[in-house]
Amino acid sequence: MIDQLSARRDVSRPPPANPVRPPIGRSRSLRLPILLVSLMLVIAALFATGLVLVVKARGGESAEVAGSSPVASEPAAPGRKTLRELTPPGMRIGSAVDGRGLSLDPAYSTLLGTEFNAVTTENAMKWRNLEPLPGVYAWPGADQLVEFAERHGQQVYGHTLVWHSDMPKWVSPEWPAERIRTELRDHVTEVVSRYRGRVWAWDVVNEVLDEDGSLRETLWLRKLGPGYIADAFRWAHAADPGARLFINDYGIERRTRKADALLTLVRDLRRDGVPVDGVGFQSHLAWDEPPRDLSRNLRRFAELGVAVAITELDVRVELPATPEKLKRQAAVYRQVLSSCLAVPACVSFTVWGFTDSRSWIPGYHRGYGAACLFDADLSPKPAYLALVDELSRHAGTTRAGPNPD
């Protein structure tokens, strides 16, 4: 997702044992007193927010610290048609998930479990949150979501493995290239291996392009060169050959220099045998700027032989949110869903949060809000009803794009 002012931390319970995590075998040179003091500070901070830690030395076993259980969802009201019930077979309809909402708000978790057949971790799988100190892992927020999804028949979309933002502070730009490469490789391998067979797709690299289509100037590009993109896909594929691997970006909904450059990048990567399975369209949009030519743009990426997905859709409204603005917002939501449904290779449609009470928009876009399908009281908005109506129009259809599973 586009850089946020602050990342929310998730609350969860300790993870179950995972037999598929391979040893990484990376040595550390931290002095013991420094590590112990830092560890106590991290534990204190995380307990203050309800998080727990799993401390794991590279190549060793994990030690659990007690946590809390998530709230289970209740069944939907009898006779109510939900988004997931209306979604055609072979397609996923999902939402990004706020960890605090999942743990502390029963109504939130109920709606999440009944309306969607896929979920994305909003923040819990970002590197800064997963490994706040070298070798010190805070897995429970991500584990909580994966376990929730498995209980509710949902698939998990992992977000995100390689990004220029939300990196741990201990990753130093002063390190030599080989150490940075090792840290990045071990991070990708550790995370994907832990959830092998439990996450259907990953945002392997996120936002690698600037607006003009050039590669974004990041630590990874400066130290490792453009080859880091292909390396990340190969590392992820080695850790879980069954997961679908996506490249994800914003501002590519219509044909722009950035979208053209991404098309060329994906084409070149696949020509070189890099396992790029899909392209994610973030689609952070505004109520008065509907995307032009979205379905045509989705199709030209699909012609490369990859899946496409709407990965982070929200439609922000300039406040106050009047009935007329919400009506136009609903039309944008409908248009994006209609574009996805018109392209067989569009295998997933995900909103970036489903309730205005937990949306990132007000904290990032000043003067905007009301970006989600449900209001702050979890009442459905015109945007939700527009999606229900659009899905109803496609009742009985089946998706037949690449990598439908």
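Data block above holds the structure.
Conventions used here
Residues numbered from 1 in each chain as written. Predicted model: local features only at pLDDT ≥ 70, side-chain atom pairs only at ≥ 80, totals over all residues. Heavy atoms only, no water. Helix = DSSP H or I, 4+ residues; strand = E, 2+ residues; numbered from the N terminus. Buried < 20%, exposed > 50% of the residue type's maximum accessible area, 1.4 Å probe, protein only. Contact = heavy atoms within 4.5 Å. Areas by Shrake-Rupley, 256 points an atom, 1.4 Å probe, with all protein chains shown as cover. Phe/Tyr/Trp six-rings, centres within 6.5 Å; stacked < 30°, edge-to-face > 60°. Lys NZ or Arg CZ within 6 Å of the ring centre and 35° of its normal. Salt bridge = Lys/Arg side-chain N within 4 Å of Asp/Glu carboxyl O. 1 Å grid on protein atoms, 1.4 Å probe; cavity = no way out; pocket = protein on both sides within 12 Å on 5 of 7 lines; lining within 4 Å. Points joined across faces, edges and corners; volume = space filled by probe spheres on them. Nonpolar A, V, L, I, M, F, W, Y, C, P; charged D, E, K, R; others polar. Lys, Arg positive; Asp, Glu negative; His and termini not counted. Polar contact = N/O pair within 3.5 Å; in protein donor to acceptor, adjacent residues only side chain to side chain. Expected span 1.5 Å × (residues − 1). Core = buried A, V, L, I, M, F, W, Y, C linked by side-chain atoms within 4.5 Å. Axes fitted to C-alpha atoms, helices over the stretch in contact; angles between N-to-C directions. Parallel < 35°, antiparallel > 145°, perpendicular 65-115°, else oblique. Left-handed = near helix turned anticlockwise from the far one by under 90°. Disulfide = S-S within 2.5 Å.

Some words on the overall build of the protein
Regarding its fold elements, the protein presents 14 helices and 13 strands. Across the 405 residues of the protein, 59% fall into the buried class. Of the contacts formed within the protein by residues at least 6 apart in sequence, a portion of 81% connects residues at least 24 apart. Accessible surface, the protein as shown: approximately 16,100 Å² in total, 53% of it carbon and sulfur.

Details of the packing of aromatic side chains
Evaluation of the coordinates by the stated rule reveals 14 aromatic pairs. Between Phe 116 and Phe 354, the ring centres sit 5.6 Å apart and the planes meet at 40°, which makes this aromatic pair tilted. Here Phe 116, found in the loop between α4 (106-115) and β4 (118-121), pairs with Phe 354, found in the loop between β12 (346-351) and α13 (361-364); they are 238 residues apart in sequence, far enough to count as distant. A residue is classified by how much of its surface remains accessible, and Phe 116, at 0% relative accessible area, is buried. The class for Phe 354 is buried, based on a relative accessible area of 1%. Counting every residue linked through ring pairs, the aromatic cluster contains Tyr 108, Phe 116, Phe 354, Phe 374 and Tyr 384. The residue whose ring lies beneath Arg 92 is Trp 200, and the NZ or CZ to ring-centre distance is 3.6 Å. Residue placement shows Lys 258 over the ring face of Tyr 250; its charged tip is 3.5 Å from the ring centre.

Overview of unusual backbone geometry
Between His 159 and Thr 160 the backbone carries a cis peptide bond, its omega angle lying at -5°. Within the element layout of this structure, Thr 160 appears in the loop between β6 (155-158) and α7 (177-194). For Ser 283, which is not glycine, the phi torsion reads 65° and is therefore positive. Summarising the element assignment, Ser 283 is placed in the loop between β9 (278-281) and β10 (284-286). Overall, Ser 283 belongs to the buried group, its relative accessible area being 0%.

Quick notes on the pattern of salt bridges
Scanning the model with the defined rule gives 23 salt bridges in all. In this structure, Arg 198 engages Glu 150 in a salt bridge whose closest nitrogen and oxygen atoms are separated by 2.8 Å. Of this pair, Arg 198 sits in the loop between α7 and β7 (201-206) while Glu 150 sits in helix α6 (residues 140-151); the two residues are 48 residues apart in sequence, bridging distant segments of the chain. In this structure, a network of salt bridges that share partners links the residues Arg 334, Asp 389, Glu 390 and Arg 393.

Some remarks on the layout of surface pockets
The volume enclosed by the largest pocket comes to roughly 290 Å³. If you go around the largest pocket, you meet 13 residues; those closest to its centre are Glu 253, Arg 254, Leu 285, Glu 289 and Pro 291. The class makeup of the residues in the lining of the largest pocket is five nonpolar, three polar and five charged.

Focus on the side chain of Glu 312
Looking at the secondary structure, you find Glu 312 in strand β11 (residues 307-318). Of the side chains bearing the opposite charge, Lys 126 lies closest to the buried Glu 312, which forms no salt bridge; the N-O distance is 7.4 Å. Separated by 2.9 Å, the side chains of Glu 312 and Asn 248 make a polar contact. Within polar-contact distance, the side chain of Glu 312 engages the side chain of His 284 at 2.8 Å.

Structural notes on helix α12 (residues 323-341)
Each α-helix winds once per 3.6 residues, and so residues spaced three or four apart point in a common direction. In a regular helix each residue adds 1.5 Å, so 19 residues correspond to 27 Å; α12 covers 27 Å between its end C-alpha atoms and thus fits that length. Along α12, the positions that sit buried rather than exposed are Lys 325, Leu 326, Gln 329, Ala 330, Val 332, Tyr 333, Val 336, Leu 337, Ser 339, Cys 340 and Leu 341. Next to the buried residues of α12 lie β10, α11 (294-302), β11, β12 and α14 (382-393).

Looking at the environment of Thr 121
Tracing the backbone shows Thr 121 in strand β4. It is 8.1 Å that separates the C-alpha atoms of Thr 121 and Gly 99, two residues lying 22 residues apart in sequence. In terms of polar contacts, Thr 121 uses its side chain to reach the backbone carbonyl oxygen of His 159, at 3.4 Å.

Considerations on the nonpolar core
In terms of nonpolar packing, the biggest core is built from 104 residues, with Trp 202, Ile 247 and Phe 349 touching the most fellow members. Apart from the residues lying within four places of it in its own chain, the contact partners of Phe 349 are Met 91, Arg 92, Ile 93, Gly 94, Ile 310, Leu 313, Tyr 333, Val 336, Leu 337, Cys 340 and Leu 387. One finds Tyr 157, Trp 200, Ala 201 and Ala 309 within the second-largest nonpolar core, a separate group that totals seven residues.

Points about the packing of α12 against α14
One way to put it is that α12 packs onto α14 with a least axis distance of 8 Å and a crossing angle of 30°. By the angle between their directions, the pair α12 and α14 is classed as roughly parallel. Seen from above, α12 lies across α14 with right-handed handedness. Residue-level inspection shows Leu 326, Gln 329, Ala 330, Tyr 333, Arg 334, Leu 337, Ser 338 and Leu 341 of α12 in contact with α14, the latter providing Pro 382, Ala 383, Ala 386, Leu 387, Asp 389, Glu 390, Leu 391 and Arg 393.

A word on the state of the cysteines
Here, the word disulfide means a covalent bond between the sulfur atoms of two cysteines. Enumeration according to the criterion identifies one disulfide in this entry. The disulfide partner of Cys 340 is Cys 346, and the S-S distance across this bridge is 2.1 Å. When the S-S torsion is -100°, as for the bridge of Cys 340 with Cys 346, the disulfide is left-handed. On the accessibility criterion, Cys 340 (0% relative accessible area) is buried.

Considering the environment of His 237
Turning to its location among the elements, His 237 is positioned in helix α9 (residues 227-239). Residue classification places His 237 among the partly exposed residues on the basis of a relative accessible area of 34%. Between the alpha carbons of His 237 and Ser 193 there is a distance of 9.8 Å; along the sequence they are 44 residues apart.

On their own, these measurements won't tell you what the molecule is for.
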